[in-house]
Amino acid sequence: MRLKHLALASFAILSLSACQATTKPAAIINVPFTAPLASDFRNEIAIARFSELLNRADLSTEQQAKLYYDRGVLFDSLGMTTLSRIDFNRAVKLKPDLAEVYNFLGIQHTLMQQYEKAYEYFDSAIELDQEHEYAYLNRGIALYYGDRATLAKDDFKTFLERSPNDPYRVLWLYLAQAAQDKTAALAALKANSAALDENEWAYQLIALYVGDMSEQAFFSGIADGVSSQQEYAQRLCEAYFYLAKQHQAAGDLSIATDYFKLALATNVHEFIEYKYARLELELMASESAG
């Protein structure tokens with residue numbers, strides 16, 4: 001949520017822009033990469049076990065709801081979104097007060113660009129459990145993609161207040177603020193970064209965004225402290241996504257597109273960066289077609 005260090009340090013030259021008949025040269029950069037993350041066989045075994053248990057006649061309604069939720073989470077982690085959504089809907093029908101299920105359903109409807117429905121699910125999650133931190137994050141993301149940056153900022157601020165030393169919370173707040181005022185957003189990003197631990201890997205994302213670190217330097221240290229293939233793939237998934245967002249904001253859409261595709265190539269299905277990389281590509285394709 002693991003290749004030896006030699007493999008982790010491998011690099012390949014990837015073209016980050018398509019060959020075009022223009023006077024501008026193709027953008028080429030050295031980026032680290034890894035093989036797509038394989039699905040965890042233990043999750044598949046657990047799904048089979050949950051399916052067996054659900055066939056038992058002596059389960060209470062609450063037990064059935066919990067099993068459907070647990071199996072839905074595993075389906076989601078394997079990228080089986082439709083199967084997970086079916087299980088989540090079964091779970092809330094049996095037990096309508098499962099806040100975490102509404103949170104997952106909200107994410108899935110955000111990915112389908114059904115934003116109003118997503119807001120309803122996140123609202124339900126928060127009504128049931130006001131301490132559900134990630135419902136604020138995910139509702140903020142839905143609002144961000146639904147072009148409601150002001151409301152998104154409020155949710156991201158609430159999320160950040162719960163853990164001011166989390167670089168990812170700082171970064172999502174910046175993305176929403178930058179949608180309205182890039183100068184003010186950058187100033188806020190620098191101010192919020194004061195509470196962060198510079199030794200934490202994710203801090204490098206902040207350093208990249210505020211201009212204290214080059215993209216090359218960022219990639220040079222990306223394998224530092226990594227102990228497994230899984231951790232490396234997860235780190236790359238995050239790195240590719242936030243680099244894509246940075247290039248997208250700068251108008252480098254070809255490079256942004258390639259970074260979003262690289263995020264998807266990691267196969268880290270359960271990470272929001274993976275999930276929203278696909279949405280970003282869909283939105284960019286729609287804008288291009290329009």
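Further up the page is the structure itself.
For clarity, every value in this text was computed on a predicted model and none was experimentally measured.

How each quantity is defined
- Residues numbered from 1 in each chain as written.
- Predicted model: local features only at pLDDT ≥ 70, side-chain atom pairs only at ≥ 80, totals over all residues.
- Heavy atoms only, no water.
- Helix = DSSP H or I, 4+ residues; strand = E, 2+ residues; numbered from the N terminus.
- Buried < 20%, exposed > 50% of the residue type's maximum accessible area, 1.4 Å probe, protein only.
- Patch = residues over 30% accessible without salt bridge, like charges linked within 9 Å, V, L, I, M, F, W, Y side chains within 5 Å.
- Areas by Shrake-Rupley, 256 points an atom, 1.4 Å probe, with all protein chains shown as cover.
- Salt bridge = Lys/Arg side-chain N within 4 Å of Asp/Glu carboxyl O.
- Lys, Arg positive; Asp, Glu negative; His and termini not counted.
- Charge placed at Lys NZ, Arg CZ, Asp CG, Glu CD.
- Axes fitted to C-alpha atoms, helices over the stretch in contact; angles between N-to-C directions.
- Parallel < 35°, antiparallel > 145°, perpendicular 65-115°, else oblique.
- Left-handed = near helix turned anticlockwise from the far one by under 90°.
- Contact = heavy atoms within 4.5 Å.
- Nonpolar A, V, L, I, M, F, W, Y, C, P; charged D, E, K, R; others polar.

Participant: For this particular structure, what's the right way to read unusual backbone geometry?
Facilitator: Both trends apply: most residues other than glycine have a negative phi, and most peptide bonds are in trans. Phi angles above zero are rare outside glycine, and glutamine 113 is one such case at about 65°. In this fold, glutamine 113 is placed in the loop between helix H5 (99-111) and helix H6 (115-128). We classify glutamine 113 as partly exposed; its relative accessible area is 34%. Of note in the backbone geometry, aspartate 147 takes a positive phi value of approximately 60° without being a glycine.

Participant: What should I look at first to understand a negative patch on the surface in this one?
Facilitator: Together, Asp197, Glu198, Glu200 and Asp212 make up a negatively charged patch on the protein surface. Secondary-structure assignment places glutamate 200 in the loop between helix H10 (182-192) and helix H11 (203-210). Classification of glutamate 200 by relative accessible area gives partly exposed; the value is 33%.

Participant: Just to check I follow, could you spell out the pattern of salt bridges for this structure?
Facilitator: Oppositely charged side chains can form a pair if their charged atoms are brought close together. For the coordinates displayed, the defined rule picks out 16 salt bridges. The salt bridge partner of arginine 56 is aspartate 58, with a shortest N-O separation of 2.9 Å. Salt-bridge contacts for aspartate 70 lead to lysine 66; the nearest nitrogen and oxygen are separated by 2.8 Å. Pair noted here: aspartate 70 and lysine 66 are both in helix H3 (residues 61-77), with a separation of 4 residues, about one helical turn. Residue lysine 66 is classed as partly exposed on the basis of its relative accessible area, which comes to 44%. Where salt bridges share partners, they join Arg71, Asp87 and Arg90 into one cluster.

Participant: I tried to follow the packing of H5 against helix H7 (residues 133-145) on my own but got confused; where do I start?
Facilitator: The geometry of a pair of packed helices is captured by two quantities: the angle between their axes and the separation between those axes. At a closest axis distance of 10 Å, the pairing of H5 and H7 adopts a crossing angle of 15°. Classed by the angle they form, the pair H5 and H7 counts as roughly parallel. Regarding H5 and H7, the two cross each other, and that crossing is left-handed. Contact residues: H5 offers Asn103, Ile107 and Thr110, while H7 offers Tyr134, Ala135, Asn138 and Ala142.

Participant: Would you explain the packing of H5 against H6 in this entry?
Facilitator: Across the interface, H5 lies against H6 with an axial gap of 8 Å and an inter-helix angle of 160°. The orientation of H5 with respect to H6, classified from their angle, is roughly antiparallel. In this structure, H5 crosses over H6, and the sense of that crossing is left-handed. The residues of H6 that touch H5, namely those facing Ala99, Tyr102, Asn103, Leu105, Gly106, Ile107, His109 and Thr110, are Tyr115, Lys117, Ala118, Tyr121, Phe122, Ser124, Ala125 and Leu128. Its residues assigned to classes, the contact of H5 with H6 comprises 10 nonpolar, 5 polar and 1 charged.

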